[in-house]
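Residues per chain are reported as follows:
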Amino acid sequence: MLFVFFLWSVGFFFKIGTCTAAQSELRITTILQEPYTMPKGSQLEGFCMDLLSEVAKKLDFKYKVHLVKDGSYGRQDDNGRWNGMVGEVVRGEADLAIAPLTLTAAREKAVGMSKPFMQTGISILLRKDISEGTGFFDFLTPFSAETWIGIIIAYLGTAVCFAIVARVSPSEWSQPQSEQNTFSLPHSLWYAVGALTLQGAGPHPRAFSGRVICCSWWLFAMVILACYFSNLSSSKSPESTQLNVKGFEDLAKQDVIEYGCLSASSTLAFFKNSDNPVYRRIFEHMERSKSLVLTMDEGIRRAKEGNFAFIGESVSLDLAVARHCDLVRAHEVVGMRGYSIAATLGSPIIKNLSVAILQLSEAGELAYLQSKWWASSCLEDKAKVTALHPHSLKGMFAVLALGLTLGMLLAVLELASRSRSRAEEEKKSFCRVLTEELSLRFRKNDNNSATKRAQEPAEKETEKA
Ligand code: GLU
């Protein structure tokens, strides 16, 4: 009896021992997808690998990672059998599946799933040039509306300054009594446009004050033109892009652009199970045209080749857009969902995994990992091509304003100096001469009266004769 009890005890001990050994090294299944799991030599790295190591530290388990044999996420066939990572967990070939594996009702019935570690939705990935519509006023996109208004105000202000300086400055208009003023307001407007189009529209200002204004305007025009042309060539930014395909309805309505999603994916299941007529049409089209892709990389490659819209999960599509600058993601995002860790149905580890994920999220660890693996290589390009706002050109506007003020001031000084010498010559007060000069230069119909007055003495002499 004692011997039997001894044997049973030894057997029980060994049973526990085997269980603990099996539990101590968990078999993890995952799938290759940038930036979640990527090969690095003989090892694997990426967001999911970092997450796994953090979770393993918290729950104190060892693990061994393998790639899912059939390269799928998990889809249930008509006989109720699962493939992909979900299938491996269901069949006990893996203890956990750590990957961008979407939490769905069907999967939740087959395996245990933790709280999501990342939120996402479904969207569309397209090549920029096939997704763009050419707008009628695309040529205005290099500058923002405020900048255009600023340029028009600067142009009108400069033309008015030209006209004023041309009247005030004696070097520009030395004989207001007899001469015509060549720099009238219409001519000033024409002259300023000439500079803006790099076409000299003479006559040019003769006075120093007028030339100062002229130089600041030319400089302003050159900088504005340089900014305009450099921004025009690269103004096809996602912000300024007018997508022809803005969402799923546009995609379903057309049959020029082919579209598809990952086979054996939750995205395909979303369209298959949906009652929404637009989504059903999309599903039927994908089934009919056999446009499903096997991997995310294949979807991105086909989208880059053109005339193909890849339907996938927005976090992954955003990464593709960040990596490949010729791609763009549609604004519409539908079917919000989350990525979870899958474990065997009923396993107590699910609760612990959820707690660990929540702790990592609350400590900011998940956000840190996301920023680490989602670093973009295309951000600089995006910043470069946005429409220029007035504050980007504020220096140039300030230089022009300075030039205009200086020019006006110089014109007044020129007139003051002439009035002073005339006052000395004619023994009149300086203020009187200055007022006379100003009224002479700013009276209405100066041309006619100047011409008339020029003619008057001649007529008188003829009468006398
Ligand atoms: N995360 C998806 C899944 O678990 C795969 C990607 C997709 O649906 O676009 O099935």
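What comes next concerns the included structure.

Rules and cut-offs
- Residues numbered from 1 in each chain as written.
- Predicted model: local features only at pLDDT ≥ 70, side-chain atom pairs only at ≥ 80, totals over all residues.
- Heavy atoms only, no water.
- Helix = DSSP H or I, 4+ residues; strand = E, 2+ residues; numbered from the N terminus.
- Buried < 20%, exposed > 50% of the residue type's maximum accessible area, 1.4 Å probe, protein only.
- Contact = heavy atoms within 4.5 Å.
- Areas by Shrake-Rupley, 256 points an atom, 1.4 Å probe, with all protein chains shown as cover.
- Patch = residues over 30% accessible without salt bridge, like charges linked within 9 Å, V, L, I, M, F, W, Y side chains within 5 Å.
- Salt bridge = Lys/Arg side-chain N within 4 Å of Asp/Glu carboxyl O.
- Axes fitted to C-alpha atoms, helices over the stretch in contact; angles between N-to-C directions.
- Parallel < 35°, antiparallel > 145°, perpendicular 65-115°, else oblique.
- Left-handed = near helix turned anticlockwise from the far one by under 90°.
- Nonpolar A, V, L, I, M, F, W, Y, C, P; charged D, E, K, R; others polar.
- Pairing = 2+ DSSP bridges.
- Near = heavy atom within 4 Å.
- Polar contact = N/O pair within 3.5 Å; in protein donor to acceptor, adjacent residues only side chain to side chain.
- Phe/Tyr/Trp six-rings, centres within 6.5 Å; stacked < 30°, edge-to-face > 60°.
- Lys NZ or Arg CZ within 6 Å of the ring centre and 35° of its normal.
- Expected span 1.5 Å × (residues − 1).
- Arc of directions from axis to C-beta.

For the protein chain, the helix and strand inventory stands at 19 helices and 12 strands. Per-residue burial for the protein chain yields a buried fraction of 43% across its 465 residues. Counted over contacts in the protein chain with a minimum sequence separation of 6, partners at least 24 positions apart contribute 74%. For the protein chain, the exposed surface amounts to about 25,000 Å²; the carbon and sulfur share of it is 61%.

Let's shift gears to a nonpolar patch on the surface. Among the surface-exposed residues, F137, F139, L140, F229 and L232 lie close enough to one another that they form a single nonpolar patch of about 480 Å² accessible area. When you line up the elements, F229 lands in helix α8 (residues 208-233).

Below, the discussion takes up the pattern of salt bridges. One pass over the structure, following the stated rule, counts 21 salt bridges. For E437, the salt bridge goes to R422, with nearest N and O atoms at 2.9 Å. With a gap of 15 residues between them, E437 in helix α18 (residues 430-442) and R422 in helix α17 (residues 394-426) connect regions that are remote in the sequence. When sorted by exposure, E437 lands in the same class as R422, which is buried. Residues R432 and E436 are paired through a salt bridge, measuring 3.7 Å at the closest nitrogen-oxygen approach. Note that R432 and E436 are positioned in helix α18 at a spacing of four residues, about one turn of the helix. Linked by salt bridges that have partners in common, R418, R422, E426, K428, R432, E436, E437 and R441 make up one network.

Running from N to C, helix α6 (residues 145-168) and α8 point in directions that differ by 160 degrees, and their axes come no closer than 10 Å. The angle between α6 and α8 falls in the class roughly antiparallel. The hand of the α6/α8 crossing is left-handed. Only S209, G210, I213, C214, W217, F220, I224 and Y228 of α8 make contact with α6, whose side of the interface consists of W148, I151, A154, Y155, T158, C161, F162 and V165. For the contact of α6 with α8, the class distribution of residues is 13 nonpolar, three polar and no charged.

Below, the discussion takes up the side chain of T267. Mapped onto the elements, T267 comes out in helix α10 (residues 266-273). When near neighbours in sequence (up to four residues on either side) are disregarded, T267 contacts I122, C261, I311, E313 and R337.

Quick look at the sheet that holds strand β6 (residues 112-113) now. Ordered in space as β4-β1-β5-β12-β6, the five strands form an open sheet in which the pairing is mixed. The two strands at the open ends of the sheet, each matched to only one other strand, are β4 (62-67) and β6. Across two bridges, strand β5 (residues 96-97) lies against strand β12 (residues 342-343) in antiparallel orientation. Considered in β12, the bridge of A97 is made with A342.

Around the ligand, the neighbouring residues are Y73, P100, L101, T102, R107, L262, S265, S266, T267, G312, E313 and Y339. T102 places a polar main-chain atom, nitrogen or oxygen, 2.8 Å from an oxygen atom of the ligand. Bound to the protein, the ligand loses 97% of the 290 Å² it would expose on its own. For the shell around the ligand, the residue count by class is five nonpolar, five polar and two charged.

What follows concerns the environment of T37. Turning to its location among the elements, T37 is positioned in the loop between β1 (25-30) and β2 (38-40). Counting along the chain gives 30 residues from T37 to L67, while the straight-line C-alpha distance between them is 9.5 Å. Those residues within four positions of T37 in sequence are excluded, and the remaining contacts are T30, I31, L32, L44, E45, C48 and M49. Within the structure, T37 has its side chain in polar contact with the side chain of T30 (distance 3.1 Å).

Below, the discussion takes up the environment of Q370. Position of Q370 among the secondary structure elements: in helix α15 (residues 365-373). Take Q370: its relative accessible area is 28%, and that puts it in the partly exposed class. Residues Q370 and Y36, spaced 334 residues apart in sequence, show a C-alpha to C-alpha distance of 9.7 Å.

In the structure shown here, the tally under the stated rule is 20 aromatic pairs. Judged by centre distance (5.2 Å) and plane angle (90 degrees), the ring pair of F162 and Y191 falls under edge-to-face. Here F162 is found in helix α6, whereas its partner Y191 is found in helix α7 (residues 185-196), with 29 residues between them in sequence. Across this residue pair, the class does not change: F162 and Y191 are buried. Members of the aromatic cluster, connected to one another through ring pairs, are Y36, F47, F117, Y339 and W374. The ring of F308 has R302 lying over it, and the distance from NZ or CZ to the ring centre is 4.1 Å.

Now for the side chain of K128. Looking at the secondary structure, you find K128 in helix α5 (residues 128-131). Residue class for K128 comes out buried when judged on its relative accessible area of 17%. One polar contact links the side chain of K128 to the main-chain carbonyl oxygen of C325, over a distance of 2.8 Å.

Turning to α7, a few remarks are in order. Between its first and last C-alpha atoms α7 spans 17 Å; for 12 residues at 1.5 Å apiece the expected length is 16 Å, and the two agree. Restricting attention to buried positions, one finds in α7 the residues H187, S188, Y191, A192, G194 and A195. Projected down its long axis, α7 shows its buried positions confined to an angular sector of 155 degrees, all on one face. Facing away from the buried side of α7 by over 90 degrees, the exposed positions are P186 and W190.

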